[in-house]
Amino acid sequence: MLNDVKWVQACRDATDWREALAIAIEPLIRHGAAQAAYLNGVIENTLAWGPYYVVAPGIALPHARPEQGAVHNQIAVTTLQQPVTFGHEECDPVWLLIALTATDANRHIATIQRISQWLGDEAFIKALRHADNDRALYQLLKQSLVRSE
């Protein structure tokens, strides 16, 4: 799921939800987990259904359907320097984006379950928020993955 620092981005700057999505999804596209159209799929879905992927205060799991450009199963974790609003009444503003691609429903559910373990750990989420560079963010995530296996 997270086997390299290339999948994480700490303290990025975004001015709005579209830019935040572009930043969060960029590693998935750059490293071959998603086609370039995947970002457009997430944006189009957001415009049609609202920010369905904002799941907790400050936290979003942006994703699109497999046929919208998912190539293989992967996540990319991004924290924002300053939170941005997505139009979610209860959970805005968002500072943590865990972008994901999944090629089928079973993989999607398994990935969401693993992410849910992270979201239930307040101390871990606080530590993520304070990670000030990509390597520190990656180390926190990697340690958590080792503990959960």
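Residues numbered from 1 in each chain as written. Predicted model: local features only at pLDDT ≥ 70, side-chain atom pairs only at ≥ 80, totals over all residues. Heavy atoms only, no water.

## Quick word on the overall build of the chain
The helix and strand tally for the chain stands at five helices and five strands. The C-alpha atoms of the chain give a radius of gyration of 14 Å, which matches the 15 Å a tight globule of 149 residues would have. The C-alpha extent of the chain, read off along each of the three principal axes, is 35 × 30 × 25 Å. Across the 149 residues that make up the chain, the buried fraction comes to 46%. For the chain, the proportion of contacts with a sequence separation of at least 24, taken over those separated by at least 6, is 67%. On the chain, roughly 7500 Å² of surface is accessible, and the fraction owed to carbon and sulfur atoms is 48%. Across the chain, the 12 positively charged side chains and the 16 negatively charged ones have centroids separated by 8 Å. (Helix = DSSP H or I, 4+ residues; strand = E, 2+ residues; numbered from the N terminus. Rg over C-alpha atoms; globule rule 2.2 N^0.38 Å. Buried < 20%, exposed > 50% of the residue type's maximum accessible area, 1.4 Å probe, protein only. Contact = heavy atoms within 4.5 Å. Areas by Shrake-Rupley, 256 points an atom, 1.4 Å probe, with all protein chains shown as cover. Lys, Arg positive; Asp, Glu negative; His and termini not counted. Charge placed at Lys NZ, Arg CZ, Asp CG, Glu CD.)

## Section: the layout of surface pockets
For the largest pocket, the calculated volume is near 170 Å³. Lining the largest pocket are 14 residues, with His63, Ala64, Arg65, Pro66 and His108 sitting closest to its centre. Those elements giving two or more residues to the lining of the largest pocket turn out to be helix 2 (37-49), strand 5 (94-101) and helix 3 (105-119). Tallying contributions element by element places helix 2 first for the lining of the largest pocket, with three residues. Looking at side-chain class alone, the lining of the largest pocket contains eight nonpolar, four polar and two charged residues. (1 Å grid on protein atoms, 1.4 Å probe; cavity = no way out; pocket = protein on both sides within 12 Å on 5 of 7 lines; lining within 4 Å. Points joined across faces, edges and corners; volume = space filled by probe spheres on them. Nonpolar A, V, L, I, M, F, W, Y, C, P; charged D, E, K, R; others polar.)

## Digging into the side chain of glutamine 9
Along the chain, glutamine 9 turns up in strand 1 (residues 8-12). Overall, glutamine 9 belongs to the buried group, its relative accessible area being 6%. A polar contact of 2.8 Å, which involves the side chain of glutamine 9, links it to the side chain of threonine 78. Ignoring anything within four residues of it in the chain, the contact list for glutamine 9 reads Ile23, Ala24, Glu26, Pro27, Arg30, Val77, Thr78, Thr79, Asp134 and Leu137. (Polar contact = N/O pair within 3.5 Å; in protein donor to acceptor, adjacent residues only side chain to side chain.)

## Structural notes on the sheet that holds strand 4 (residues 74-84)
Within the open sheet, the five strands sit side by side as 1-4-5-3-2. Their pairing is mixed. Sheet topology places strand 1 and strand 2 (54-56) at the edges, where each strand pairs with a single neighbour. Looking at chain direction, strand 3 (residues 59-60) and strand 5 are connected through two bridges and run parallel. Across the sheet, residue isoleucine 59 finds its bridge partner in strand 5, namely leucine 96. Relative to strand 4, helix 1 (residues 17-30) is tilted by about 155 degrees, and along the sheet it contacts strand 1, strand 4 and strand 5. Most of the contacts of helix 3 go to strand 5, to which it runs at about 155 degrees, and overall it touches strand 2, strand 3, strand 4 and strand 5. (Pairing = 2+ DSSP bridges. Axes fitted to C-alpha atoms, helices over the stretch in contact; angles between N-to-C directions.)

Taken by themselves, the reported measurements are silent on function.
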